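These are the residues of each chain, in order.
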Amino acid sequence: MSNNLFDWNRFLTLLKINLKLNRGVYTAVAIITMVLAFSFVMIFNESYKPLGLSMAPEPYLSRHSVIFSATVFIISILISVMSCMSFFAFRTPKQRIFGFTLPATYLEKYLANVLPVTLGYFIYIILCVTLVNLLRETFLPFHNPMTFSDVLSPICSWKMLHQNLFTMAFCVLGSTIWHRNTFWYTMLASICFTVIINSSLGTSFTVEISGVICAIINIVFTVYCFVLSYFRFKEMEVISRF
């Protein structure tokens, strides 16, 4: 093996191995995501009002808000579950020995396991929703005219984007710490972290300022969690204590 830190051939080989070893799990999640994307687009379409939210009656505003919030919550859970599976292939001592002995650098192993379930899965969600929306426009051309920005707003609007990125980074970090019950331990840690941050911000900020501060905090902690998870992966032991 050459001494360079990153080699595309080694990385792509590791990526193929990872996808092959976990193809059953990835396939099941992919099918579930497509079904949820179909349900989301059709339900969101029924709640959309061409006249705009400002001209909509109060019952519609409440219903739309509930659907939007539920969609954001479901997408957040999907992203959390997948990100917690970053090191699914390292969950047992035998698998960790196999992973550590592969002829590749730590950076290549880290990216080969993290990228498919974070950036790759996030793009997959967007593609699923986009495809379903295209099918809706094809077969229901005279239905409520939603734009792509409307249907993708719960997923990748600016507010949702930095929150989703932080969710990914935090769950990847959790997957390097806990190899069993990763999702539940990470969610508990996430709740504790959210309570601490909200308590620190207090109520003295306006909504606009708080939004900017939250975005900055999310971006900073996203970078911090990804970097920390990489070094935590490098220090991962064959016999896990968690």
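Okay, so let's go over this structure. (Residues numbered from 1 in each chain as written. Predicted model: local features only at pLDDT ≥ 70, side-chain atom pairs only at ≥ 80, totals over all residues. Heavy atoms only, no water.)

1. Re the pattern of salt bridges
- A complete count under the given rule lists one salt bridge for this structure.
- Between Arg-10 and Glu-108 there is a salt bridge, and its shortest N-O distance comes to 2.7 Å. Of the two residues, Arg-10 is situated in helix H1 (residues 8–21) and Glu-108 in helix H5 (residues 106–114); the sequence distance between them amounts to 98 residues.
- For Arg-10, a relative accessible area of 13% puts it in the buried group.
- The class of Glu-108 is buried, set by a relative accessible area of 0%. (Salt bridge = Lys/Arg side-chain N within 4 Å of Asp/Glu carboxyl O. Helix = DSSP H or I, 4+ residues; strand = E, 2+ residues; numbered from the N terminus. Buried < 20%, exposed > 50% of the residue type's maximum accessible area, 1.4 Å probe, protein only.)

2. Points about the packing of helix H6 (residues 119–139) against helix H7 (residues 148–156)
- Relative to each other, H6 and H7 sit at 155 degrees, their axes nearing to 10 Å. Taken as axis vectors, H6 and H7 run roughly antiparallel relative to one another. Considering how the two elements wind past one another, H6 and H7 form a crossing that is right-handed. Residues Phe-122, Ile-125, Ile-126, Val-129, Thr-130, Asn-133 and Leu-134 of H6 form the contact with H7, whose own contacting residues are Phe-148, Val-151, Leu-152, Ile-155 and Cys-156. (Axes fitted to C-alpha atoms, helices over the stretch in contact; angles between N-to-C directions. Parallel < 35°, antiparallel > 145°, perpendicular 65-115°, else oblique. Left-handed = near helix turned anticlockwise from the far one by under 90°. Contact = heavy atoms within 4.5 Å.)

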